[in-house]
Amino acid sequence: MNRTSNFNREKPENSSMTTVNILGRLRMAKEQVQRVKLSLTNDGMLEHVETLANVGKELDGIFYNLVEILSDDTRQSEINITSNDDGEISKWLEQTFSSKQQRTVTTSGRFESIKAIIQASSFVNALQRQIRQHTKERLDVMLDLPIDINKLNLWSFNILEYPEPMLCTVLLIFDAHDIISRYRIDIDILKNFARALTDGYTKFRPPYHNDYHGADVLQTAHCLLIKSSLLHVFAHTEITALLFAAAIHDYEHPGLNNNYLIRTRSDLALIYNDSSVLENHHSSAVFKLLRDKRFNIWSNMNVDEYRTFRSLVISLVLATDMANHASLVERMSTYFFFKETNATTTATDSKTLLQTLLHAADISNAAKPWPVYVQSAEKVMEEFFMQGDLEKIHCDDNKSTFDRETTDIAHLQIGFISHIVYPTFDVLSKVLQMDSLDDNSKLTAAKSSSSSPWQFDLQLNLETWREIVKNGDVQRAIVQRKPLKLNFEYLEIYVEKAKNYLKKRSQQDVLLN
């Protein structure tokens, strides 16, 4: 049975729609959804692909107008750290994760009063996913991949357990978000591009900022996106830009940070005038790679969309400069405060939220389950110490940011989680109003019903290091310092102690409430 749609399939003009017009179009969309639902019940699914597509386009048009209603203020901020360490960790946190530079943010939208739209679009997207599952063979089966998309949907997924992480995540996640079909991407070219990304990520063989990190950030961004209420608010180009930026954000990372490159007057620092040196290089190098037709996965994207897409990708990658951390968190915190108090103010825009999602994914290891987190912590600290070794040789003051022999790794992790990771995920959970990142969530009595799904992992990881410090047992947690090897088996003792502490504290909170 074929039906034609009365919806205008063209993208609405840039001018803001009136409330009456928006509500009218939403009502039409809902009626069409009901007709499709009835048709699916009576006639089957495959005949109504076109109708579903029309509904999706209509809802996309509504979202396009909604996200252009309100503008956003940008604020500059600094982060103030209070720590019990000797000052070195506090100084590093303040210098790395704050910036006084004022940044301009392009306005694109408001996210108020969209619950009804999200509900309607969620139904449509669920039906579209069911149709895709019945009309095409699964990509992981076709390409004999060791991972399927269901694993990538889990917050607890550990990418370190699988080979070719970039190839698997790019193929499956791009397919899950219809990026491959929408832009008619040739699978062989996409595989070439994923392998070229892997080559770039492993070029300097950094312990942490390699292809596993790039794939992990892509998977985490995907996981945040599919479970958040904002998935259907972002335009498809924005979703594509976010996932692409996540995949490429540390391409050709040398395992050294911006401060080191600037202090040593490296070629990259001179090219980019000491401004977001690495981030400029990551995006520039990837877009140079795309000029080769063997890797150009966007060859079928039209010129206007590509211009918008490229601009957004660059802004997202540049926002991963850790110096932007304080500014991003403050802007999102300000938005949530005014939303909570129903005060009149400008709301956050979609670009800022996309930047925050990517930043959160970039630092998310400490918010993952302990077995995932501790492996990443070991790798990133070894990378810090490798830079510290080089600083003693190449820097004028012969002083390293992190000395592998003297740095207290427990206080380093406590400071990073407390002052950087926790505030980021706290404000993100409030803004997104998320429910659960895992269908089979492992929530226990230690988790309150109102806490975000990563809250327990963050608390457990933080409390484990605090237990180690409290017992003065940091040295026994380390097997060797060069290269750094942590005693994972011994650390499990403190993980259990932290779990017991959190359980008791949760029981006390229940009694107090």
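For every chain, the first residue of the written sequence is number 1, and numbering continues from 1 along that sequence. Where local features are concerned, this predicted model is filtered to residues with pLDDT of at least 70; where side-chain atom pairs are given and counted, the filter is 80 or more; whole-chain, interface and lining totals use all residues. To get the side-chain values, take all heavy atoms of the structure and skip hydrogens and water.

A. Quick peek at the overall build of the chain. Counting secondary structure elements, the chain contains 21 helices and two strands. Contact criterion: two residues are considered in contact whenever any of their non-hydrogen atoms come within 4.5 Å of each other. Of the contacts formed within the chain by residues at least 6 apart in sequence, a portion of 80% connects residues at least 24 apart. In these tables, accessible area is a Shrake-Rupley quantity obtained with a 1.4 Å probe, and a residue counts as shielded only by the protein chains included in the view. Carbon and sulfur atoms make up 48% of the accessible area of the chain, which amounts to about 24300 Å² in all. Counting from the N terminus, the helices are the DSSP runs of H or I reaching at least four residues and the strands are the DSSP runs of E reaching at least two.

B. Seen up close, the layout of surface pockets. Here a cavity denotes a set of grid points, spaced 1 Å apart and computed over the protein atoms alone, in which a 1.4 Å probe fits but from which it cannot get out, and a pocket denotes an open set meeting protein on both sides within 12 Å along at least five of seven lines; residues with an atom within 4 Å of a point are reported as lining. Grid points are joined across faces, edges and corners, and a volume is the space filled by probe spheres set on the points. There is about 910 Å³ of room inside the second largest pocket. Every residue lining the second largest pocket is counted, 43 residues in all, and those nearest its centre are T96, F97, N257, D321 and M322. Only α3 (88–96), α12 (258–263), α14 (277–289), α18 (370–394) and α19 (409–432) provide two or more residues apiece to the lining of the second largest pocket. With seven residues, the single largest contributor to the lining of the second largest pocket is α18. For the lining of the second largest pocket, the residue count by class is 17 nonpolar, 19 polar and seven charged. The residue classification treats Ala, Val, Leu, Ile, Met, Phe, Trp, Tyr, Cys and Pro as nonpolar and Asp, Glu, Lys and Arg as charged. All others, Gly included, are polar.

C. Looking closely at the UniProt feature "binding site: Zn(2+) 1" (unreviewed entry) in the chain. The UniProt feature table records "binding site: Zn(2+) 1" (unreviewed entry) at H213, H249, D250 and D362. The greatest C-alpha distance among the residues just named is 9.8 Å, despite their covering 150 residues of sequence, which places them together in space. Taken from the residues named earlier, the lining of the second largest pocket is made up of H213, D250 and D362. With respect to the helices, strands and loops of the structure, H249 is situated in the loop between α11 (236–248) and α12. UniProt positions are given in the numbering used here, feature names are shortened, and annotations may be inferred rather than shown by experiment.

D. Looking closely at the nonpolar core. Ranked by size, the top nonpolar core spans 119 residues in total, and within it F174, F193, F244 and W298 carry the most contacts. The element that contributes the greatest number of residues to this core is α19, accounting for 13 residues. Filtering out sequence-adjacent residues up to four positions away, W298 remains in contact with F174, I179, Y183, I185, T240, F244, L290, Y306 and F309. Among the nonpolar cores identified, the runner-up in size contains eight residues, and L256, A269, Y272 and V277 belong to it. We call a set of buried Ala, Val, Leu, Ile, Met, Phe, Trp, Tyr and Cys residues a nonpolar core when their side-chain atoms join them within 4.5 Å. Relative accessibility under 20% of the residue-type maximum defines a buried residue, over 50% an exposed one, and the middle range a partly exposed one, all with a 1.4 Å probe and only protein chains included.

E. Examining the packing of aromatic side chains more closely. Aromatic pairing here means that ring centres of Phe, Tyr or Trp (its six-membered ring) are within 6.5 Å. Orientation follows from the plane angle: under 30 degrees is stacked, over 60 is edge-to-face, and everything else is tilted. Considering all chains together, one arrives at 19 aromatic pairs under this definition. An angle of 85 degrees between the planes, with centres 5.7 Å apart, marks the rings of Y183 and W298 as edge-to-face. Of the two residues, Y183 sits in the loop between α8 (179–182) and α9 (187–201) while W298 sits in the loop between α14 and α15 (303–318), which places them 115 residues apart along the sequence. The pair formed by Y183 and W298 is uniform in burial state, with each residue classed as buried. Between F384 and F402 the ring centres are 5.0 Å apart and the planes differ by 20 degrees, which places this aromatic pair in the stacked class.

F. Local environment of the UniProt feature "binding site: AMP" (unreviewed entry) in the chain. Taking the UniProt record as the reference, the feature "binding site: AMP" (unreviewed entry) is found at H209, N210, D211, Y212, H213, D250, D362 and Q413. Those annotated residues that line the second largest pocket are H209, H213, D250, D362 and Q413. Within the secondary structure, Y212 is located in helix α10 (residues 211–227). Aside from chain neighbours lying at most four places away, what touches Y212 is I159, L160, Y162, P163 and P165. Examined against the element boundaries, H213 turns out to sit in helix α10. Those residues in contact with H213, other than ones at most four positions away along the chain, are Y208, H249, D250 and D362.

G. Structural view of helix α17 (residues 350–362). Each helix should span, by expectation, one fewer than its residue count multiplied by 1.5 Å. The end-to-end C-alpha separation of α17 is 18 Å, in line with the 18 Å expected for 13 residues at 1.5 Å each. Counting buried residues along α17, 13 of its 13 residues qualify, which places the element largely inside the surrounding structure.

H. Broad picture of unusual backbone geometry. K482 connects to P483 through a cis peptide bond whose omega is -15 degrees. Structurally, the position occupied by P483 is in the loop between β1 (478–481) and β2 (484–486). Here the phi dihedral of E164 falls at roughly 45 degrees; this positive angle occurs in a residue that is not glycine. By the secondary structure assignment, E164 is in the loop between α6 (149–152) and α7 (165–176). Owing to a relative accessible area of 46%, E164 belongs among the partly exposed residues under this scheme.

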